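Residue-level structural notes
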Amino acid sequence: MTSEMRDQKQCCERASGRAPRVVGLTLRDALFVGALAAVAVACGESSVASATGSSAAAGGGSASTAGGGGGAGDEKPPATGTISLEACIGETGVNERCTLVTEASACTNAKCSKLVVVFSGGEQSCVTGKGYASVLSGYASRGYAAVCINYFETSKGSGEKPYVDEASRIDRALKEATTGAWAQAYWTGEDLLLEGISHGATAPVIAMARTTLDDAPHWHGTRFTAGCFFDGVYDVLATAKLLATGAPGGQPCTKPVPYTRLLERYCGKGATAATCDLAMNAKVKEDSITEVAPEAFAVRDFKLVECGSALPACVGDIIAGEPVESLCKNLDAGPTHSCSFGSLPMDGHATCHASEYDSCRVWFEGLLPP
(Lines give C-alpha, C1' and ligand atoms only; values in the text may rest on other atoms or scores of the structure.)
Protein backbone atom coordinates (compact mmCIF):
# COMPACT_ATOMS: atom_id res chain seq x y z
CA MET A 1 0.00 0.00 0.00
CA THR A 2 1.37 3.45 -0.88
CA SER A 3 1.91 6.17 1.72
CA GLU A 4 -0.86 8.19 0.08
CA MET A 5 -3.32 5.29 0.48
CA ARG A 6 -2.33 4.85 4.10
CA ASP A 7 -2.78 8.57 4.80
CA GLN A 8 -6.23 8.39 3.21
CA LYS A 9 -7.13 5.33 5.31
CA GLN A 10 -6.02 7.07 8.52
CA CYS A 11 -8.09 10.14 7.65
CA CYS A 12 -11.14 7.95 7.07
CA GLU A 13 -10.62 6.20 10.40
CA ARG A 14 -10.45 9.50 12.24
CA ALA A 15 -13.51 10.80 10.42
CA SER A 16 -15.45 7.67 11.40
CA GLY A 17 -14.79 8.29 15.07
CA ARG A 18 -11.72 6.17 15.83
CA ALA A 19 -10.43 8.78 18.22
CA PRO A 20 -6.90 8.50 19.61
CA ARG A 21 -6.69 7.49 23.22
CA VAL A 22 -4.41 9.85 25.12
CA VAL A 23 -3.38 9.13 28.68
CA GLY A 24 -2.75 11.82 31.31
CA LEU A 25 -2.63 15.59 31.10
CA THR A 26 -1.73 17.51 27.99
CA LEU A 27 1.84 18.72 27.89
CA ARG A 28 0.68 22.33 28.25
CA ASP A 29 -1.37 21.54 31.36
CA ALA A 30 1.38 19.44 32.87
CA LEU A 31 3.96 22.17 32.39
CA PHE A 32 1.62 24.75 33.88
CA VAL A 33 0.87 22.67 36.95
CA GLY A 34 4.49 21.71 37.27
CA ALA A 35 5.52 25.36 37.20
CA LEU A 36 3.06 26.20 39.96
CA ALA A 37 4.24 23.29 42.06
CA ALA A 38 7.91 24.13 41.42
CA VAL A 39 8.91 20.58 42.08
CA ALA A 40 12.44 19.48 41.17
CA VAL A 41 13.59 15.89 41.36
CA ALA A 42 17.29 15.03 41.23
CA CYS A 43 18.31 12.42 38.69
CA GLY A 44 21.22 10.03 38.35
CA GLU A 45 24.22 10.53 36.11
CA SER A 46 23.64 9.89 32.42
CA SER A 47 25.57 7.11 30.73
CA VAL A 48 26.08 9.25 27.65
CA ALA A 49 26.72 12.70 29.11
CA SER A 50 27.58 14.40 32.37
CA ALA A 51 24.46 16.54 32.22
CA THR A 52 21.66 15.45 34.55
CA GLY A 53 17.98 16.18 34.51
CA SER A 54 14.82 16.17 36.53
CA SER A 55 11.10 16.00 36.11
CA ALA A 56 8.04 16.74 38.23
CA ALA A 57 4.80 14.84 38.33
CA ALA A 58 1.59 16.77 37.81
CA GLY A 59 -1.58 14.85 38.41
CA GLY A 60 -1.88 12.10 35.82
CA GLY A 61 0.94 13.43 33.65
CA SER A 62 4.49 14.60 34.10
CA ALA A 63 6.18 17.95 33.78
CA SER A 64 9.83 18.56 33.09
CA THR A 65 11.71 21.25 34.94
CA ALA A 66 14.86 23.23 34.28
CA GLY A 67 18.14 21.34 34.37
CA GLY A 68 16.88 18.08 32.92
CA GLY A 69 14.95 16.82 29.96
CA GLY A 70 12.64 19.79 30.17
CA GLY A 71 12.97 23.53 30.50
CA ALA A 72 11.17 26.13 32.56
CA GLY A 73 9.76 29.02 30.58
CA ASP A 74 11.97 29.76 27.60
CA GLU A 75 14.96 27.82 28.92
CA LYS A 76 16.11 25.18 26.44
CA PRO A 77 16.64 21.77 28.01
CA PRO A 78 20.08 20.14 27.75
CA ALA A 79 20.64 18.11 24.62
CA THR A 80 22.08 15.18 26.60
CA GLY A 81 21.11 14.08 30.07
CA THR A 82 18.34 12.29 31.92
CA ILE A 83 14.66 12.87 32.56
CA SER A 84 13.05 11.29 35.60
CA LEU A 85 9.31 10.63 35.46
CA GLU A 86 7.98 10.53 38.99
CA ALA A 87 4.49 10.06 37.53
CA CYS A 88 5.45 6.46 36.73
CA ILE A 89 5.61 5.64 40.44
CA GLY A 90 2.65 3.40 41.22
CA GLU A 91 1.79 2.91 37.55
CA THR A 92 1.05 -0.75 36.84
CA GLY A 93 1.16 -1.29 40.60
CA VAL A 94 4.95 -0.92 40.76
CA ASN A 95 6.48 1.86 42.86
CA GLU A 96 9.30 2.72 40.51
CA ARG A 97 9.88 5.76 38.33
CA CYS A 98 10.68 5.84 34.61
CA THR A 99 13.92 7.37 33.38
CA LEU A 100 14.80 8.66 29.92
CA VAL A 101 18.39 9.07 28.76
CA THR A 102 18.61 11.68 26.00
CA GLU A 103 21.14 12.29 23.20
CA ALA A 104 20.50 15.20 20.86
CA SER A 105 24.02 16.49 20.27
CA ALA A 106 23.33 16.35 16.52
CA CYS A 107 20.33 18.61 16.86
CA THR A 108 21.61 21.67 18.72
CA ASN A 109 21.96 24.00 15.73
CA ALA A 110 18.76 22.84 14.04
CA LYS A 111 16.13 20.32 15.07
CA CYS A 112 16.63 16.80 13.78
CA SER A 113 13.90 15.38 11.56
CA LYS A 114 14.48 11.82 12.83
CA LEU A 115 13.99 10.51 16.39
CA VAL A 116 14.74 7.00 17.64
CA VAL A 117 13.18 5.82 20.90
CA VAL A 118 14.94 2.75 22.33
CA PHE A 119 13.20 0.64 24.99
CA SER A 120 15.60 -1.06 27.38
CA GLY A 121 15.63 -4.79 28.03
CA GLY A 122 14.33 -6.03 31.36
CA GLU A 123 17.58 -5.14 33.12
CA GLN A 124 16.63 -1.44 32.74
CA SER A 125 20.15 -0.19 32.08
CA CYS A 126 19.74 2.82 29.80
CA VAL A 127 21.62 4.89 32.39
CA THR A 128 24.39 2.42 33.23
CA GLY A 129 24.63 0.11 30.21
CA LYS A 130 27.47 0.79 27.80
CA GLY A 131 25.55 -0.95 25.03
CA TYR A 132 22.74 1.59 25.13
CA ALA A 133 25.20 4.50 25.26
CA SER A 134 26.85 3.26 22.08
CA VAL A 135 23.47 2.88 20.38
CA LEU A 136 22.44 6.43 21.26
CA SER A 137 25.78 7.92 20.20
CA GLY A 138 25.69 5.86 17.02
CA TYR A 139 22.33 7.31 16.05
CA ALA A 140 23.47 10.81 17.01
CA SER A 141 26.45 10.46 14.69
CA ARG A 142 23.95 9.82 11.87
CA GLY A 143 21.93 12.95 12.59
CA TYR A 144 19.22 11.56 14.87
CA ALA A 145 17.78 12.70 18.14
CA ALA A 146 17.86 9.61 20.36
CA VAL A 147 16.39 8.57 23.69
CA CYS A 148 16.59 5.37 25.71
CA ILE A 149 13.73 4.54 28.10
CA ASN A 150 13.94 2.69 31.40
CA TYR A 151 10.24 2.11 32.07
CA PHE A 152 11.17 0.73 35.52
CA GLU A 153 14.08 1.40 37.87
CA THR A 154 15.13 -2.20 38.45
CA SER A 155 14.97 -5.64 36.87
CA LYS A 156 12.85 -6.69 39.84
CA GLY A 157 10.23 -4.10 38.98
CA SER A 158 10.20 -5.10 35.33
CA GLY A 159 9.42 -8.71 36.28
CA GLU A 160 6.42 -8.18 38.51
CA LYS A 161 3.51 -7.90 36.07
CA PRO A 162 2.30 -9.40 32.79
CA TYR A 163 3.54 -7.44 29.78
CA VAL A 164 0.09 -6.26 28.72
CA ASP A 165 -0.41 -4.66 32.12
CA GLU A 166 2.62 -2.44 31.50
CA ALA A 167 0.94 -0.68 28.56
CA SER A 168 0.04 2.52 30.42
CA ARG A 169 3.60 2.82 31.74
CA ILE A 170 5.06 2.36 28.25
CA ASP A 171 2.59 4.93 26.95
CA ARG A 172 3.43 7.51 29.62
CA ALA A 173 7.18 7.24 29.05
CA LEU A 174 6.83 7.36 25.26
CA LYS A 175 4.64 10.45 25.47
CA GLU A 176 7.39 12.25 27.36
CA ALA A 177 10.00 11.05 24.85
CA THR A 178 8.10 12.34 21.80
CA THR A 179 6.19 15.38 23.07
CA GLY A 180 8.06 16.60 26.17
CA ALA A 181 10.15 19.74 26.32
CA TRP A 182 13.31 17.90 25.23
CA ALA A 183 11.57 16.48 22.15
CA GLN A 184 10.07 19.85 21.29
CA ALA A 185 13.48 21.47 21.51
CA TYR A 186 15.39 18.97 19.35
CA TRP A 187 12.99 17.07 17.09
CA THR A 188 10.82 18.39 14.28
CA GLY A 189 8.25 15.68 14.93
CA GLU A 190 8.55 14.17 11.45
CA ASP A 191 10.13 10.68 11.43
CA LEU A 192 9.93 8.29 14.39
CA LEU A 193 11.69 4.93 14.83
CA LEU A 194 10.58 2.78 17.78
CA GLU A 195 13.21 0.25 18.79
CA GLY A 196 13.83 -2.25 21.57
CA ILE A 197 15.45 -5.45 22.78
CA SER A 198 14.02 -8.33 24.84
CA HIS A 199 11.49 -6.85 27.30
CA GLY A 200 11.79 -3.62 25.32
CA ALA A 201 10.80 -5.52 22.18
CA THR A 202 7.95 -7.23 24.02
CA ALA A 203 5.91 -4.82 26.14
CA PRO A 204 5.68 -2.02 23.51
CA VAL A 205 4.62 -4.46 20.75
CA ILE A 206 2.05 -6.13 23.02
CA ALA A 207 0.71 -2.68 23.93
CA MET A 208 0.20 -2.03 20.20
CA ALA A 209 -1.49 -5.40 19.71
CA ARG A 210 -3.80 -5.38 22.72
CA THR A 211 -4.68 -1.71 23.33
CA THR A 212 -5.57 1.39 21.32
CA LEU A 213 -2.89 3.48 23.01
CA ASP A 214 -0.81 3.41 19.83
CA ASP A 215 -3.57 5.28 18.01
CA ALA A 216 -2.50 8.42 19.89
CA PRO A 217 -0.38 11.03 18.07
CA HIS A 218 2.58 10.62 20.43
CA TRP A 219 3.16 7.11 19.06
CA HIS A 220 3.72 8.55 15.57
CA GLY A 221 5.86 10.93 13.61
CA THR A 222 3.95 13.44 11.53
CA ARG A 223 5.55 12.05 8.37
CA PHE A 224 6.59 8.43 9.02
CA THR A 225 6.74 5.84 11.82
CA ALA A 226 8.21 2.34 12.02
CA GLY A 227 9.25 -0.22 14.65
CA CYS A 228 12.41 -2.36 14.79
CA PHE A 229 12.56 -4.91 17.60
CA PHE A 230 15.07 -7.58 18.65
CA ASP A 231 14.11 -10.88 20.32
CA GLY A 232 10.71 -10.05 21.76
CA VAL A 233 8.45 -12.56 23.53
CA TYR A 234 5.38 -13.02 21.33
CA ASP A 235 4.40 -16.54 22.41
CA VAL A 236 4.78 -16.97 26.17
CA LEU A 237 4.36 -20.75 26.17
CA ALA A 238 7.06 -21.22 23.54
CA THR A 239 9.56 -19.18 25.54
CA ALA A 240 8.46 -20.92 28.76
CA LYS A 241 9.26 -24.29 27.17
CA LEU A 242 12.73 -23.05 26.22
CA LEU A 243 13.46 -21.72 29.70
CA ALA A 244 11.95 -24.73 31.48
CA THR A 245 14.17 -27.29 29.76
CA GLY A 246 17.16 -25.41 28.37
CA ALA A 247 19.75 -26.13 31.07
CA PRO A 248 21.94 -29.27 31.02
CA GLY A 249 19.93 -32.43 31.63
CA GLY A 250 16.72 -30.73 30.56
CA GLN A 251 16.64 -28.64 33.73
CA PRO A 252 15.19 -25.11 34.02
CA CYS A 253 17.32 -22.08 33.18
CA THR A 254 18.58 -20.23 36.24
CA LYS A 255 20.54 -17.37 34.65
CA PRO A 256 20.67 -14.82 33.17
CA VAL A 257 16.87 -15.17 32.86
CA PRO A 258 15.54 -17.85 35.22
CA TYR A 259 12.46 -19.86 34.36
CA THR A 260 10.98 -18.81 37.70
CA ARG A 261 10.97 -15.15 36.56
CA LEU A 262 8.44 -16.06 33.88
CA LEU A 263 6.32 -18.05 36.33
CA GLU A 264 6.28 -15.25 38.88
CA ARG A 265 5.34 -12.68 36.23
CA TYR A 266 2.01 -14.45 35.78
CA CYS A 267 1.41 -16.30 39.05
CA GLY A 268 3.09 -14.14 41.68
CA LYS A 269 6.07 -14.39 43.98
CA GLY A 270 7.11 -17.92 44.82
CA ALA A 271 5.32 -19.51 41.88
CA THR A 272 6.57 -22.89 40.70
CA ALA A 273 5.78 -25.16 37.79
CA ALA A 274 3.59 -27.16 40.16
CA THR A 275 1.52 -24.12 41.24
CA CYS A 276 1.44 -22.10 38.01
CA ASP A 277 -0.29 -23.45 34.91
CA LEU A 278 0.76 -20.98 32.24
CA ALA A 279 -1.38 -22.69 29.60
CA MET A 280 -4.53 -21.76 31.51
CA ASN A 281 -3.49 -18.24 32.50
CA ALA A 282 -5.58 -15.49 30.89
CA LYS A 283 -2.72 -12.95 30.88
CA VAL A 284 -0.44 -15.45 29.14
CA LYS A 285 -3.00 -15.64 26.37
CA GLU A 286 -3.17 -11.84 26.14
CA ASP A 287 0.61 -11.63 25.96
CA SER A 288 0.78 -14.15 23.10
CA ILE A 289 0.18 -12.14 19.94
CA THR A 290 1.40 -14.06 16.89
CA GLU A 291 -2.11 -14.31 15.49
CA VAL A 292 -3.40 -10.84 16.30
CA ALA A 293 -4.90 -9.12 13.24
CA PRO A 294 -2.44 -6.66 11.65
CA GLU A 295 -5.14 -3.99 11.75
CA ALA A 296 -4.76 -3.90 15.54
CA PHE A 297 -1.35 -2.23 15.08
CA ALA A 298 -1.52 1.50 14.39
CA VAL A 299 2.14 1.43 13.38
CA ARG A 300 2.29 -0.06 9.89
CA ASP A 301 5.92 -1.02 9.22
CA PHE A 302 8.05 -3.42 11.28
CA LYS A 303 11.37 -5.20 11.31
CA LEU A 304 11.49 -8.11 13.79
CA VAL A 305 14.73 -9.92 14.57
CA GLU A 306 15.37 -13.18 16.43
CA CYS A 307 18.70 -13.65 18.20
CA GLY A 308 20.78 -16.63 19.26
CA SER A 309 18.69 -19.50 17.91
CA ALA A 310 21.81 -21.54 17.07
CA LEU A 311 23.43 -20.97 20.46
CA PRO A 312 23.00 -22.97 23.69
CA ALA A 313 19.74 -22.32 25.50
CA CYS A 314 19.73 -20.24 28.70
CA VAL A 315 23.02 -18.47 27.98
CA GLY A 316 22.75 -17.52 24.30
CA ASP A 317 19.25 -18.44 23.20
CA ILE A 318 16.80 -17.03 25.75
CA ILE A 319 13.70 -16.14 23.71
CA ALA A 320 11.96 -18.57 21.36
CA GLY A 321 12.76 -17.43 17.80
CA GLU A 322 9.96 -19.06 15.82
CA PRO A 323 7.21 -16.80 17.24
CA VAL A 324 9.21 -13.74 16.16
CA GLU A 325 9.09 -14.97 12.59
CA SER A 326 5.44 -16.01 12.93
CA LEU A 327 4.36 -12.55 14.08
CA CYS A 328 6.35 -10.94 11.28
CA LYS A 329 4.70 -13.16 8.66
CA ASN A 330 1.29 -12.38 10.13
CA LEU A 331 1.91 -8.64 9.97
CA ASP A 332 3.30 -8.84 6.46
CA ALA A 333 0.21 -10.68 5.26
CA GLY A 334 -1.96 -7.67 6.03
CA PRO A 335 -2.71 -5.36 3.09
CA THR A 336 -1.83 -2.24 5.06
CA HIS A 337 1.24 -3.51 6.91
CA SER A 338 4.76 -4.73 6.19
CA CYS A 339 7.31 -6.69 8.20
CA SER A 340 10.91 -7.61 7.45
CA PHE A 341 12.20 -10.60 9.40
CA GLY A 342 15.83 -10.87 10.43
CA SER A 343 17.74 -13.75 12.01
CA LEU A 344 20.96 -13.53 14.01
CA PRO A 345 21.37 -17.18 15.05
CA MET A 346 24.99 -16.81 16.20
CA ASP A 347 24.54 -13.48 17.99
CA GLY A 348 23.25 -14.02 21.52
CA HIS A 349 20.29 -12.39 23.19
CA ALA A 350 22.48 -10.19 25.37
CA THR A 351 24.56 -8.73 22.54
CA CYS A 352 22.53 -8.73 19.33
CA HIS A 353 20.92 -5.32 19.69
CA ALA A 354 24.11 -3.48 20.60
CA SER A 355 26.00 -5.12 17.74
CA GLU A 356 23.31 -4.93 15.05
CA TYR A 357 21.17 -1.88 15.88
CA ASP A 358 22.43 -0.06 12.81
CA SER A 359 20.53 -2.53 10.63
CA CYS A 360 17.41 -0.86 12.03
CA ARG A 361 18.62 2.55 10.90
CA VAL A 362 19.47 1.32 7.40
CA TRP A 363 16.09 -0.41 7.08
CA PHE A 364 14.21 2.62 8.44
CA GLU A 365 15.92 5.08 6.14
CA GLY A 366 15.15 2.83 3.19
CA LEU A 367 11.45 3.26 3.94
CA LEU A 368 11.40 7.00 4.48
CA PRO A 369 9.34 9.01 2.01
CA PRO A 370 11.43 11.12 -0.40
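The text that follows walks through the structure, step by step, so that each part is easy to find. (Residues numbered from 1 in each chain as written. Predicted model: local features only at pLDDT ≥ 70, side-chain atom pairs only at ≥ 80, totals over all residues. Heavy atoms only, no water.)

1. Things to note about the state of the cysteines
To keep it simple, the criterion reads: When two cysteine sulfur atoms lie within 2.5 Å, the pair is treated as a disulfide. What counts as a helix is a DSSP run of H or I of at least four residues, what counts as a strand is a run of E of at least two, and both are numbered from the N terminus. Accessibility here uses a 1.4 Å probe with only protein chains present; expressed as a share of the type maximum, an area under 20% marks a residue as buried, one over 50% as exposed, and anything in between as partly exposed.
For the structure on display, the rule yields 8 disulfides. Through a disulfide, Cys253 is tied to Cys314; the S-S separation comes to 2.0 Å. Judged by the sign of its S-S torsion, about -80 degrees, the bond between Cys253 and Cys314 is left-handed. A residue pair is termed long-range when its members are at least 10 positions apart, and Cys253 in the loop between α7 (236-245) and α8 (259-267) and Cys314 in the loop between β9 (301-307) and α10 (322-332) qualify at 61 residues. A disulfide bridge connects Cys267 with Cys276, and the sulfur atoms are separated by 2.0 Å. Because the sign of the S-S torsion sets the handedness, a value of about 65 degrees for the bond joining Cys267 and Cys276 places this disulfide among the right-handed ones. The exposure class assigned to Cys276 is buried, which follows from its relative accessible area of 6%.

2. Section: the environment of Gln251
To keep things clear, this is the line we draw: In what follows, a contact means two residues having at least one pair of non-hydrogen atoms within 4.5 Å.
Mapped onto the elements of the fold, Gln251 is located in the loop between α7 and α8. In contact with Gln251, not counting residues within four places along its chain, are Leu243, Ala244, Thr245 and Gly246.

3. Considerations on the environment of Val118
With respect to the secondary-structure elements, Val118 resides in strand β5 (residues 112-119). You can call Val118 buried: its relative accessible area is 0%. As for Val118 and Gly200, which are separated by 82 residues in sequence, their C-alpha atoms are 7.7 Å apart. Apart from residues no more than four positions distant in its own chain, Val118 is found in contact with Tyr132, Val135, Val147, Cys148, Ile149, Glu195 and His353.

4. Examining the sheet that holds strand β8 (residues 224-230)
This is how it is decided: Paired strands, as defined in this entry, are two strands with at least two bridges between them according to DSSP. Note on geometry: axes are C-alpha line fits, over the in-contact stretch for helices, and angles between N-to-C directions span 0 to 180 degrees.
Taken together, 8 strands build an open sheet; the order of strands is β3-β4-β6-β5-β7-β8-β9-β10 and the sheet is mixed. What marks the edges here is a single partner per strand, and that holds for β3 (80-85) and β10 (338-344). Put simply, the sheet's adjacent strands are angled 20 degrees from each other on average, direction ignored. Bridge count between β9 and β10: 7 bridges; the pairing is parallel. Among the inter-strand pairings, Val305 is bridged to a residue of β10, identified as Gly342.

5. Some thoughts on helix α4 (residues 167-179)
Selection criterion: The span one expects for a helix is its residue count, reduced by one, times 1.5 Å.
An ideal rise of 1.5 Å per residue puts 18 Å on 13 residues; α4 measures up with 18 Å between its terminal C-alpha atoms. Among the 13 residues in α4, 11 count as buried, and that is most of the element.

6. What to know about the pattern of salt bridges
Any two side chains of opposite charge can pair, so long as their charged atoms come close to each other. Under the convention used in this document: For this document, the term salt bridge refers to a Lys or Arg side-chain nitrogen within 4 Å of an Asp or Glu carboxyl oxygen.
Throughout the structure, instances matching the rule amount to 11 salt bridges. Among the salt bridges present, the one from Glu86 reaches Arg97, with a minimum N-O distance of 2.6 Å. One end of the pair, Glu86, is in the loop between β3 and β4 (98-103); the other, Arg97, is in the loop between β3 and β4, and 11 residues separate them in sequence. Glu86 sits in the buried class, given a relative accessible area of 17%. Here Arg361 ties to Glu365 by a salt bridge, and the two come within 3.0 Å at their closest N and O atoms. With Arg361 and Glu365 both in helix α12 (residues 358-367) and 4 residues apart, the pair spans about one turn of that helix. Taken together, the salt bridges that share partners define one network made up of Glu86, Arg97 and Glu153.

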